[in-house]
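Okay, here's what each chain looks like letter by letter:
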Protein chains: 2
Amino acid sequence: MSLNTAINPNVSVDCVVFGFDNEKLNVLLIQQKLPSTKEQRYALPGDLILDNESLDTAANRVLKEISGLSGIFLKQFRAFGDPDRVSNIKDLEFLKSYRKNPQARVITIAYFALVRMENFKPEASSFAEKVFWQDVTELPDLSFDHTKIVSQALEKLRHDFIRDKTGFELLPERFTLGQIQKLYEIILNENLDKRNFRKKILKEELVKATNQKQTGVLHKPARLYKINN
Amino acid sequence: MSLNTAINPNVSVDCVVFGFDNEKLNVLLIQQKLPSTKEQRYALPGDLILDNESLDTAANRVLKEISGLSGIFLKQFRAFGDPDRVSNIKDLEFLKSYRKNPQARVITIAYFALVRMENFKPEASSFAEKVFWQDVTELPDLSFDHTKIVSQALEKLRHDFIRDKTGFELLPERFTLGQIQKLYEIILNENLDKRNFRKKILKEELVKATNQKQTGVLHKPARLYKINN
DNA sequence: TCAAAAGTGTTAAAAGTACACCCATGA
DNA sequence: TCATGGGTGTACTTTTAACACTTTTGA
């Protein structure tokens, strides 16, 4: 096996990083740096893998190089490899600027993650002009097949979220039951019954009441809870 | 985009085809053709993709070329791309016989399927010396990282099987409730309560009673059912 | 008559679902 | 005093789980 860091011209990784801000579900996008035109093109952070790194390593490296974000658990969820996934002429222009072999047919391995937005402040570098959080309900057109990738990532997110009963780590250290409920409602995109939701969450004992309360709110202050370890 | 059929030296597909024979769960393996040695090496059917075909197409083509099997619904489940997934010296020997660039680092996209064994009689060709069904509980050592791929395919199979309540197509046209139960028990690898299982299956109405019965069995003959369309 | 799998119901516990009113706070 | 989200209980339905004996057939 070679130990150099040659670029593998046929395989890339793309990262769908979802961010939650107590209000909306967002996804991390980049605005591509396009030397020759003023038009704005958006995409997921992603790039070719190196020939001596694992896919997981590549995903973390690429995300960091483009957006500055690290320490995020990225989970592989699917390979996308239609021969014509780069069919738009504008995408080809972009590739010509940044790749040795822009015509090469590239298979991409897609990763996704879910984080608390306020903990991760993206900063653009490499071929990203900007990096920003975008409301998933208001996605612009994306380059390549990235719209499809985001939509399949969302499906996967919802599926895993229900199954694993996880997601508390997306909340502040102390949080109200209302905030958890909102988190679930936003990710699952449906309304839940307050009493039933509380019953269930408390029964599972993933969460523990503190004796603190909210302050400064325009309504009855809610009790604060924390993760139960 | 190129329209030729150049081989993509960096991406392959591997197929985990599970076969059910009313008794056991099996997986389709090949014995590799090794010109220089008499040693026997086993592997999943798999090969490099062509540069102008989709991943799904590649999976179906490769399976057919190696084993003769076609008309099987193959579902992508994961990419495997550790840089050292080809670490065994014997695997390298095999690659030297069949690949232009045997040292190339290859990422593989793994597919799985579940079929009724008696409907698919594999016939070896290409670099397969033999193709055969192997009991999943008695797997030999496999080449590359194929043992890992099979074990993750099994997990995925069980997960999807429960969720989708499918699998009746693995039974003969007319079947008994006992046969369905056995199918579930073999795939899920656990014992189920007969009365509860029947109640559930019948409630779902995926299955319809006929007025035929088994004949020639050494016990009370069971009523035959068929798929309810 | 024996062995083997078919066939059959009840009960209890747990989980899910629908639903409406009062409370504490800051403006 | 008002608007806002917090907080609470009950009744009903559905789902799951545990459990044992009789029946029919061919050998």
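What counts and how
- Residues numbered from 1 in each chain as written.
- Chains lettered and ligands numbered in written order.
- Predicted model: local features only at pLDDT ≥ 70, side-chain atom pairs only at ≥ 80, totals over all residues.
- Heavy atoms only, no water.
- Contact = heavy atoms within 4.5 Å.
- Buried area = accessible area lost by both parts, 1.4 Å probe.
- Salt bridge = Lys/Arg side-chain N within 4 Å of Asp/Glu carboxyl O.
- Polar contact = N/O pair within 3.5 Å; in protein donor to acceptor, adjacent residues only side chain to side chain.
- Helix = DSSP H or I, 4+ residues; strand = E, 2+ residues; numbered from the N terminus.
- Domains from an automatic or database assignment.
- Phe/Tyr/Trp six-rings, centres within 6.5 Å; stacked < 30°, edge-to-face > 60°.
- Buried < 20%, exposed > 50% of the residue type's maximum accessible area, 1.4 Å probe, protein only.
- Axes fitted to C-alpha atoms, helices over the stretch in contact; angles between N-to-C directions.
- Parallel < 35°, antiparallel > 145°, perpendicular 65-115°, else oblique.
- Nonpolar A, V, L, I, M, F, W, Y, C, P; charged D, E, K, R; others polar.
- Near = heavy atom within 4 Å.
- Pairing = 2+ DSSP bridges.

Side note on the interface of chain B and chain A
Then step 1. Across the boundary between the two partners, chain B contributes 26 residues, which contact 26 residues of chain A.
Then step 2. Between chain B and chain A the total buried area reaches about 2100 Å² when both faces are included, carbon and sulfur atoms providing 52% of it.
Then step 3. Applying the counting criterion to the chain B and chain A interface returns 0 salt bridges.
Then step 4. The tally of links from chain B across to chain A stands at 8 residue pairs in polar contact (both at pLDDT 80 or more).
Then step 5. Secondary structure elements with two or more residues in the side of chain B that touches chain A: β1 (7–20), β4 (46–50), β5 (75–80), β6 (107–116) and α3 (146–164) of chain B.

Considering the domain arrangement of chain A
Residues and elements named next belong to chain A.
Then step 1. Taken domain by domain, chain A comprises domain 1 (7–163) and domain 2 (168–227).
Then step 2. Taken together, the contacts link 12 residues of domain 1 with 13 residues of domain 2.
Then step 3. Counting the surface lost from both domain 1 and domain 2, the interface buries some 1200 Å², and carbon and sulfur atoms represent 68% of this.
Then step 4. When residues of domain 1 are sorted by the area they lose upon contact with domain 2, Phe20, Arg116 and Phe161 head the list and together hold 49% of the total.
Then step 5. Counting the contacts that link domain 1 with domain 2 gives 1 salt bridge.
Then step 6. Of the charged contacts, one joins Glu23 and Lys182 as a salt bridge, the two residues approaching to 3.3 Å between their closest N and O atoms.
Then step 7. Counting across the domain 1 and domain 2 interface gives 3 residue pairs in polar contact (both at pLDDT 80 or more).
Then step 8. Of all the secondary structure elements, the ones that give two or more residues to the side of domain 1 that touches domain 2 are β6 (107–116) and α3 (146–164).
Then step 9. The greatest single-element share of the side of domain 1 that touches domain 2, amounting to 4 residues, is contributed by α3.

Remarks on the packing of aromatic side chains
Residue and element names in this part refer to chain B.
Then step 1. With the rule as written, the count across this model stands at 18 aromatic pairs over all chains.
Then step 2. Seen in terms of ring centroids, Phe94 and Tyr98 are 5.0 Å apart; in terms of plane orientation they differ by 45°. Their pairing is tilted. Within this pair, Phe94 and its partner Tyr98 are both found in helix α2 (residues 89–98), separated by 4 residues, close to a single helical turn.
Then step 3. Judged by its relative accessible area of 33%, Tyr98 falls in the partly exposed class.
Then step 4. With a centroid separation of 5.4 Å and an interplanar angle of 55°, the aromatic rings of Tyr98 and Phe127 are classed as tilted. In this pair, Tyr98 is assigned in helix α2 and Phe127 in the loop between β6 and β7 (128–135), connecting sequence segments 29 residues apart.

Focus: the packing of helix α4 (residues 177–188) of chain A against helix α5 (residues 194–204) of chain A
All names here are of chain A.
Then step 1. For the pair α4 and α5, the least separation of the axes is 11 Å and the interaxial angle reads 100°. As the angle between them shows, α4 and α5 are arranged roughly perpendicular. Between α4, through Leu177, Gly178, Ile180, Gln181 and Tyr184, and α5, the contact on the second element is made entirely by Lys194, Phe197, Arg198, Ile201 and Leu202.
Then step 2. Of the residues that constitute the contact of α4 with α5, the class distribution is 6 nonpolar, 2 polar and 2 charged.

Here we look at the protein's contact with DNA strand D
Then step 1. Contacts to DNA strand D come from 22 residues, most closely from Lys194, His219, Lys220 and Arg223 of chain A together with Lys220 of chain B.
Then step 2. A share of 38% is what sugar and phosphate atoms reach among the atoms of DNA strand D within 4 Å of the protein.
Then step 3. One nitrogen or oxygen atom from the side chain of Arg195 of chain A is found 3.4 Å from a base oxygen belonging to DNA strand D.
Then step 4. Lys220 of chain A places a polar main-chain atom, nitrogen or oxygen, 3.4 Å from a sugar or linking oxygen of DNA strand D.
Then step 5. Listed by contribution, the elements that provide at least two residues to the surface near DNA strand D are α5 of chain A together with α5 (194–204) of chain B.
Then step 6. Classifying every residue of the surface near DNA strand D by side-chain character gives 6 nonpolar, 4 polar and 12 charged.

Quick look at the pairing of β6 of chain B
Residues and elements named next belong to chain B.
Then step 1. Counting buried positions along β6 yields 9 of 10 residues, so the element is predominantly enclosed.
Then step 2. Of the pairings in the sheet, the one linking β1 to β6 comprises 10 bridges and is parallel in character. Across the sheet, residue Val17 finds its bridge partner in β6, namely Ala113.

A short note on the side chain of Asn8 of chain A
Then step 1. Assignment of secondary structure puts Asn8 of chain A in strand β1 (residues 7–20).
Then step 2. At 3.0 Å, the side chain of Asn8 of chain A forms a polar contact with the side chain of Asp51 of chain A.
Then step 3. Ignoring anything within four residues of it in the chain, the contact list for Asn8 of chain A reads Leu48, Ile49, Leu50 and Asp51 of chain A together with Asn10, Arg105 and Ile107 of chain B.

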